[in-house]
Amino acid sequence: MSDKFPKPVDPPRRVLMGPGPSDVAPQVLAALAAPTVGHLDPYFLKLMDEVQQMLREVFQTKNKLTLAVSGTGSAGMEACIVNLVEPGDKMLICVNGVFGGRMADVATRYGAEVMTIERPFGEVFTADEVQQAVKEFQPKLVGIVHAETSTGALQPIEAISKAVHAAGALLVLDCVTSLGGLPVKIDDWQIDAAYSGTQKCLSCPPGLAPVTFSDRAVEVMETRDSKVASWYLDMSMVRNYWSDQSRAYHHTAPINMNYGLHQALRNVLDEGLENAFTRHQRNHLALRAGLEAMGLNYAVAEEYRLPMLNAVLIPNGVDDKAVRSRLLNEFGIEIGGGLGPMAGKTWRIGLMGEACTQRNVLLFLAALENCLHAAGHSISPGAGVGAANEYYAS
Ligand SMILES: *Cc1c(COP(=O)(O)O)cnc(C)c1O
């Protein structure tokens, strides 16, 4: 072939230990490469049904309106908000990181009257704080992030959900990073709308946003006065395409992405949700033992740490970018830098889905020691790997 064209795609092999995307399993990559069929092909319609069924299992819900929005996690966020908000509706949003902030931005753009309550990055909300705010503001909707990927903090949800419902509001939950790595109990916790993404703990490439809506949320959508402000994300039409009854064309589903998600969900369910949660916790604790033995400290209090996103403080005098570039260039390992006010202050080490393995924990700790050493920061040789191995042996 002529060399006047760009070279064919040949990406480097990476170990994806950042805030997402995470490593993708070979079976998922193989599914993505399967032959494309039509978006109304009986084969594809059956596959859509199976994707919905498996999503219900992963979300731990019986919600009929559960499907994969065509778009990344942020499209899932917009889908939940735009279908439930009408201009002038009040929405309370809990902001303790970048993604809570994004939710407030989205709701404002769709005409909601937004009130925010805030906690510093790395901290979480108490049910009392939320209860106080819903009492004062009387919102129709409350939005909160389960796993704040920008800070590494895990937000307890159950008591907040009770407070929100006692005030007659609906609860919207961002579980982009938690789904597949931590329990997300949509029915038990009475979540009204939730969205996720494919590229975090589900270990599929980015491109789809699993969403689920409770019957209460569906009723709110069905009794709207105004049209949904987004044509593309209007669930009253999208759901007809996903419904086993009508199958009306709305937009062309990204066929091969749905193949990929189908296989990624099979992988998660084949391992078993509980086993997947245990694996995330175990590798997180091994990583933690290693990092602490190397003198690194977490940016989040112990009881609120996410297993799949480890935010640690960059040691004084160490050049953030030099270490991350060396990790990538010498070892092929990607980790994340800090976002927002944490920029330059933290590293975000992901242990999501396929990337959450003993192999990666030990590889990363050894590589990090090498990079810290190269950056002029000395630590006792082998301390991190040794402590992680000790944890694994215990
Ligand atoms: C990644 C992420 C998003 C956004 O998802 P995209 O796929 O990047 O659009 C939203 N919320 C949280 C908590 C995330 O981690």
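Residues numbered from 1 in each chain as written. Predicted model: local features only at pLDDT ≥ 70, side-chain atom pairs only at ≥ 80, totals over all residues. Heavy atoms only, no water.

Caption draft 1: Region of interest: the overall build of the protein chain. Scanning the protein chain for helices and strands turns up 13 helices and 14 strands. In summary, the protein chain has a C-alpha radius of gyration of 22 Å against a globular reference of 21 Å for 394 residues, a match within 12%. With the principal axes as the frame, the protein chain shows a C-alpha extent of 65 × 60 × 45 Å. Taken over 394 residues, the protein chain has a buried fraction of 56%. A separation of at least 24 residues holds for 72% of the contacts in the protein chain among residues at least 6 apart in sequence. A total accessible area of about 16800 Å² is found for the protein chain, and carbon and sulfur atoms account for 52% of it. One way to put it: in the protein chain the 33 positive side-chain charges average out to a point 3 Å from where the 42 negative ones average out. (Helix = DSSP H or I, 4+ residues; strand = E, 2+ residues; numbered from the N terminus. Rg over C-alpha atoms; globule rule 2.2 N^0.38 Å. Buried < 20%, exposed > 50% of the residue type's maximum accessible area, 1.4 Å probe, protein only. Contact = heavy atoms within 4.5 Å. Areas by Shrake-Rupley, 256 points an atom, 1.4 Å probe, with all protein chains shown as cover. Lys, Arg positive; Asp, Glu negative; His and termini not counted. Charge placed at Lys NZ, Arg CZ, Asp CG, Glu CD.)

Caption draft 2: How the structure looks around the sheet that holds strand 11 (residues 309-313). Strand order in this open sheet of three strands is 11-14-13, and the pairing throughout is antiparallel. Strands at the two margins of the open sheet, each flanked by one partner only, are strand 11 and strand 13 (336-337). Here five bridges tie strand 11 to strand 14 (residues 346-350), and the two strands are oriented antiparallel to one another. Looking at strand 14, one finds that Leu313 is bridged to Thr346. (Pairing = 2+ DSSP bridges.)

Caption draft 3: Expanded view of the site of the ligand. Surrounding the ligand, one finds Thr72, Gly73, Ser74, Phe99, Arg102, Ala147, Thr149, Asp174, Val176, Thr177, Gln199 and Lys200. Within the backbone of Gly73, an N or O atom sits 2.9 Å from an oxygen atom of the ligand. In isolation the ligand offers 380 Å² of accessible surface; the protein chains occlude 90% of this area. Where the shell around the ligand is concerned, the elements lending two or more residues are helix 3 (73-84) and helix 4 (98-109). Partitioned by chemical class, the residues of the shell around the ligand number three nonpolar, six polar and three charged. (Near = heavy atom within 4 Å. Polar contact = N/O pair within 3.5 Å; in protein donor to acceptor, adjacent residues only side chain to side chain. Nonpolar A, V, L, I, M, F, W, Y, C, P; charged D, E, K, R; others polar.)

Caption draft 4: Layout of the pairing of strand 8 (residues 170-174). The buried fraction of strand 8 is high, at five of five residues. Burial of the side chains of strand 8 extends over both faces: Leu170, Val172 and Asp174 are buried on one face and Leu171 and Leu173 on the other. Taken together, the five bridges between strand 5 (residues 141-145) and strand 8 define a ladder with parallel strand orientation. Directly across from Ile144, in strand 8, lies its bridge partner Leu173. In the sheet, strand 8 pairs with strand 9 (residues 193-195) via three bridges, with the strands oriented parallel. For Val172, the partnering residue across the bridge sits in strand 9 and is Ala193.

Caption draft 5: Looking closely at the packing of aromatic side chains. Going through the model one piece at a time under the given rule, you end up with one aromatic pair. Their ring planes at 65° and their centres at 6.2 Å tell us that Tyr391 and Tyr392 sit as a pair that is edge-to-face. On the basis of relative accessibility, which here comes to 23%, the residue Tyr391 falls in the partly exposed class. Taking relative accessible area as the criterion, Tyr392 reaches 10% and is therefore assigned buried. A cation over an aromatic ring shows up here: Lys90 above the ring of Phe137, its NZ or CZ 5.1 Å from the ring centre. (Phe/Tyr/Trp six-rings, centres within 6.5 Å; stacked < 30°, edge-to-face > 60°. Lys NZ or Arg CZ within 6 Å of the ring centre and 35° of its normal.)

Caption draft 6: Focus on the pairing of strand 4 (residues 113-118). In terms of strand pairing, strand 3 (residues 90-95) meets strand 4 through six bridges, oriented parallel. Directly across from Val95, in strand 4, lies its bridge partner Glu118. The parallel pair strand 3 and strand 4, bridged by helix 4, forms a crossover whose chirality is right-handed. (Right-handed = clockwise from strand over helix to strand, strands pointing away.)

Caption draft 7: Focus on the sheet that holds strand 9. The sheet built from seven strands is open, its strands ordered 2-10-9-8-5-3-4 with mixed pairing. Strand pairing shows two members of the sheet lacking a second neighbour, strand 2 (65-70) and strand 4, which therefore form its edges. With direction set aside, neighbouring strand axes in the sheet form an average angle of 20°. With three bridges connecting them, strand 3 and strand 5 associate as parallel partners. By the bridge assignment for strand 5, Ile93 is matched with Gly143. Contacting strand 3, strand 4 and strand 5, helix 5 (residues 127-137) crosses the sheet at an angle of about 155° to strand 4. Of the strands in this sheet, strand 2, strand 8 and strand 10 (208-213) are in contact with helix 7 (residues 215-222), which crosses strand 10 at around 95°. (Axes fitted to C-alpha atoms, helices over the stretch in contact; angles between N-to-C directions.)

Caption draft 8: Structural view of the environment of Leu47. The residue Leu47 is located in helix 2 (residues 42-59) in this model. Accessibility expressed as a relative area gives 5% for Leu47, which makes it buried. Separated by 102 residues in the primary sequence, Leu47 and Thr149 have C-alpha atoms spaced 31 Å apart. Non-local contacts of Leu47, meaning those with residues more than four positions away in its chain, are made with Asn258, Tyr259 and His262.

Caption draft 9: Quick look at the state of the cysteines. Going through the model one piece at a time under the given rule, you end up with zero disulfides. Among the cysteines around Cys80, which has no disulfide bond, Cys175 carries the closest sulfur, lying 8.5 Å off. Looking at Cys80, the relative accessible area reads 0%, which means it is buried. The thiol of Cys356 is unpaired, and the distance to the nearest cysteine sulfur, on Cys201, comes to 7.6 Å. By relative accessible area, Cys356 is classed as buried at 0%. (Disulfide = S-S within 2.5 Å.)

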